[in-house]
Amino acid sequence: DLLAEVDAADLQQQILRQQAALAVAEAGANREQATVDNLNTQVDRTRSLYDKGLVSLQDIEDVESRLRVAEAQRPLLGRVQHGEKHQMRTSKCRPS
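The numbers attached to residues start from 1 for each chain and follow its sequence in the written order. Note on the predicted model: pLDDT of at least 70 is required for a residue's local features to be given, and 80 or more for side-chain atom pairs to be given and counted; whole-chain, interface and lining totals, by contrast, use all residues. Excluding hydrogens and water, the side-chain figures rest on all heavy atoms present in the structure.

*Asks:* Would you explain the overall build of the protein in this entry?
*Replies:* Scanning the protein for helices and strands turns up two helices and zero strands. Restricting to contacts in the protein with at least 6 residues of sequence separation, those with at least 24 account for 75%. Accessible surface area values rest on a Shrake-Rupley calculation with a 1.4 Å probe, where residue burial reflects the displayed protein chains alone. Carbon and sulfur atoms provide 52% of the accessible area of the protein, an area that totals close to 7100 Å². Numbering of helices and strands starts at the N terminus; helices are DSSP runs of H or I of at least 4 residues and strands are runs of E of at least 2. The criterion used for residue contact is that any of the two residues' heavy atoms lie within 4.5 Å.

*Asks:* How should I be thinking about the pattern of salt bridges in this particular structure?
*Replies:* Definition used for salt bridges: Asp or Glu carboxyl oxygen within 4 Å of a side-chain nitrogen of Lys or Arg. This model, assessed by the stated rule, comprises two salt bridges. One salt bridge connects Arg31 with Glu32, and the closest N-O pair in it is separated by 4.0 Å. Each residue's exposure class comes from its accessible area (1.4 Å probe, protein chains only) as a fraction of the maximum for that residue type: buried when under 20%, exposed when over 50%, partly exposed otherwise. Residue classification places Arg31 among the exposed residues on the basis of a relative accessible area of 52%. Close ionic contact of Glu64 with Arg47 constitutes a salt bridge, the shortest N to O distance being 2.5 Å. Placement of Glu64 in helix H2 (residues 57–91) and of Arg47 in helix H1 (residues 8–51) is noted, with a sequence separation of 17 residues between them. Overall, the relative accessible area of 39% leaves Arg47 in the partly exposed class.

Pasting the structure below:
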């Protein structure tokens, strides 16, 4: 006995929305990784300039602080991305 019928078009729209949400989450994670990579480079450069007496200790502390903030945000984005993937797996049904 048939308990319910799912409209294939509605299901397809739901899948497309979830795929779009996952793509946004992945783009955010990639952006954050690029930010962390860039800030690591800035930290190295700023330390080198500090060793040469060309920038202040405050300059190093500022860029290191920005790096810590960016690194702290990465796990959050990873959880969002994981949540989107989990939702895709658990709700993905194939219309017959």
